[in-house]
Amino acid sequence: MRLNLLVFLGLGAIGAAQTVSAPPVPAAPKPLKLGSIVFSGSLRARVETWDWFQPSSGDNTYGYSGNILRFGFSQNRETWDWNAEFAVPFLLGLPENPIAPGAQGALGFGANYLTANDRNRNTAMLFPKQLYVRITQFGGSKAHSLKLGRFEFQDGSELQPKNASLAAIKRDRINQRLLGPFGFSDIGRSFDGMQYSFTKASGNFTFVGAVPTRGVFQTDGWGWNKTAFGYSSYTKPWGKGRLSAETRFFALYYDDWRRVLKTDNRTAVARAGDPGNIRIWTFGGHSLHAYQTPAGALDFMIWGAAQTGRWGAQDHRASAFDIEAGVQPKILPKLKPWARGGFYNGSGDGNAADNRHETFFQVLPTPRPFARFPFFDMLNNQDAFGILILRPHPKVTVSSEFHALRLSSRNDLWYSGGGVFQPWSFGYSGRATGGQRSLANLYDSSLEFRPNTRLALTGYFGYAQGRAVMTAIYPQGKDGRFGYLECLYRF
C-alpha cells in the first residue's frame, strides 16, 4: 500500500516544482482593486509523503499536509510604491516521532517541522511576509530603484533575459543558489533591510544589505536571526544574431554571530569550544549562452564561486562550480524535448584536525531547485546529472532527472539544509559517513499542469537508490522515496 501511494504521487499531477522549461511562467491573474490599491494573494496546498531511508527506530514513513496562504495590499504611485503582504502557514498531521538516534537523525522534512514548532503536530501562524516601500525614480530617472523594509530576494534574479531559454535556465539553475526565500518550504524566509538597483539596457547593478527572518520550518516568521549579509552584483546581457548571452559577477559577505553549535566535521568537543563568528566572503559569477542552429537551440551555462574568511576559530577557504549544457532539437515537435546535463562540485574538508575549514558554504539558499528530493545540498557534494524536459502542450511540462551523487571528501560529512531559520538551530545538519563517498543515485519525475493563469497543479516522485554512505548509516534499508501533490491557486 505504501509503495502504491508513492507511485500514485509520482504519476499524479499537482504543485509548483521548479523545472527548466522554455515557455515563460504564466502571467499573474488580474488582481482585485479597491480604488488604486490592489488586493492579491495565493493559496498553496500540498500533501507530502516520505519514505526516508530505513532507521533503527523512528517514523520514517509518513504523510502530512503543508499549506500557506498569502494575501496582501499594494499600490503603485508615480515615483514610489508599497506592498504589505501577510502569510498564514498551517501544517496538519505532522509525524509523531520522525527522528532516529545518532547519525540517522532527522527522517525528512517532517522532523524539521516538528522540532522547529515545539513538537506540535498541527500548527499555524500569521506574520508579515513582505512589508516595504520602494522608490522607483531618482532625479527624474527610472533607472534607479530603492526598496526599504521586509522583502524577498533571489540572487541571480536581478535581470530578466529576453531569450526564453536563457530565462528558463536562469530561473531554475542560477537563481537563489546562495540567497533565496526557501519558497518550497511551507513557510519560507524573507529579508529585512534594503535593496538598491540601477538598471539600463546595458546592464544592472544591485546591492542588498539585510537580516534574514525566522521561518522556513518554523511557522513563526516574525522575528530576526543574529545573522546579516551584504550582496552586490553586476549583470550584463550581450550577444547578437543567433547568440544570446548574459554574464554576472557578484560579491557576498555573510556574518553569523549566534552562539550556536556549528555543523562541521570536527569533534563535538572542538565545536563546543569554538563560539566565534562565521564571517565569509563569497566571490563568483555565471555566464549563460544560447545559440540558434538549423538543427535546434544549444545552450551552455557555467557558475562558480570562491570563498574566504573565518569559520569561528578556523580559516575558511572553499569553492564550488557548476557546468551545464543543453540542446532543444527540432525533432518530435509535438513533445518539444529539451535535454540538459552537467556536473557540480562543492568542496569538502579533508582534514578535521587542521586550522582550515574547506567545506563550501551555501549561505541562505533555496535548495529545492537543485535537489528536488531534498536529502542533499551543495556542501561537500559532487553531482553528475541529466535532465529531460518534454512540453507536449503549452499548459503541460514533464521533467525527469537523474543525479549520481557522491561526497567531495570522504573525511567530511553528508550535509543537508538551507541555512539559518531560527536563533537556536544552525540551519545545516551533517552526518558522519565512516569514510564512504558514494551517496546515492536519484531518479525523479514531475508533471506540471497550468489550466489557466490562476491555477497550477503539480505532482512529483523521487526515488533515491542509496549507495555506500546510505548503507553505512542505514544498514536496515538504504533506499528512500519522496512524493507530493500540490495545488497553487492565485487570486
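What this report covers is the structure whose coordinates are included nearby. (Residues numbered from 1 in each chain as written. Predicted model: local features only at pLDDT ≥ 70, side-chain atom pairs only at ≥ 80, totals over all residues. Heavy atoms only, no water.)

This next bit is on the nonpolar core. Grouped together as the largest cluster of nonpolar side chains are 44 residues, with contacts concentrated most on Leu-179, Phe-229, Tyr-231, Tyr-254, Trp-303, Phe-360 and Leu-364. Those residues in contact with Phe-229 that lie beyond four places of it in its chain are Leu-179, Phe-191, Val-208, Gly-209, Ala-210, Leu-252, Tyr-253, Tyr-254 and Leu-364. Residues Trp-50, Tyr-64, Tyr-113 and Tyr-484 belong to the second largest nonpolar core, which totals 40 residues. (Core = buried A, V, L, I, M, F, W, Y, C linked by side-chain atoms within 4.5 Å. Buried < 20%, exposed > 50% of the residue type's maximum accessible area, 1.4 Å probe, protein only. Contact = heavy atoms within 4.5 Å.)

Right, let's get into the pattern of salt bridges. Within the structure shown, the criterion is met by 29 salt bridges. Measuring nitrogen to oxygen at the nearest pair gives 2.9 Å for the salt bridge that ties Arg-266 to Asp-264. The pair formed by Arg-266 and Asp-264 is uniform in burial state, with each residue classed as buried. Members of the salt-bridge network, linked through shared partners, are Arg-173, Arg-177, Asp-299, Asp-322, Glu-324 and Arg-340. (Salt bridge = Lys/Arg side-chain N within 4 Å of Asp/Glu carboxyl O.)

Burial analysis of helix α3 (residues 164-174) places nine of its 11 residues in the buried class, the great majority of the element. Residues of α3 that are buried: Ser-165, Leu-166, Ala-167, Ala-168, Ile-169, Lys-170, Asp-172, Arg-173 and Ile-174. Where α3 begins, the side chain of Asn-163 points an oxygen toward the backbone nitrogen of Ser-165, at a separation of 3.0 Å. Following α3 by one or two positions, Gln-176 adopts a phi angle in the positive range, close to 60°. (Helix = DSSP H or I, 4+ residues; strand = E, 2+ residues; numbered from the N terminus. Polar contact = N/O pair within 3.5 Å; in protein donor to acceptor, adjacent residues only side chain to side chain.)

Before going further, it helps to examine the packing of aromatic side chains. According to the stated counting rule, one finds 40 aromatic pairs in the structure shown. Relative to Tyr-113, the ring of Phe-109 lies with its centre 6.3 Å away and its plane at 90°, an arrangement referred to as edge-to-face. With a gap of four residues between them, Phe-109 and Tyr-113 both fall in helix α2 (residues 109-116), about one helical turn apart. Both residues of the pair, Phe-109 and Tyr-113, count as buried. Both rings, one in Phe-375 and one in Phe-376, keep their centres 5.0 Å apart while their planes meet at 70°; by these two values the pair is edge-to-face. There is no split in this pair, since Phe-375 and Phe-376 are both buried. One Lys or Arg, Lys-147, reaches over the ring of Tyr-132 and ends 4.6 Å from the middle of that ring. Arg-177 extends its terminal NZ or CZ atom over the ring of Trp-303, reaching a point 5.0 Å from the ring centre. (Phe/Tyr/Trp six-rings, centres within 6.5 Å; stacked < 30°, edge-to-face > 60°. Lys NZ or Arg CZ within 6 Å of the ring centre and 35° of its normal.)

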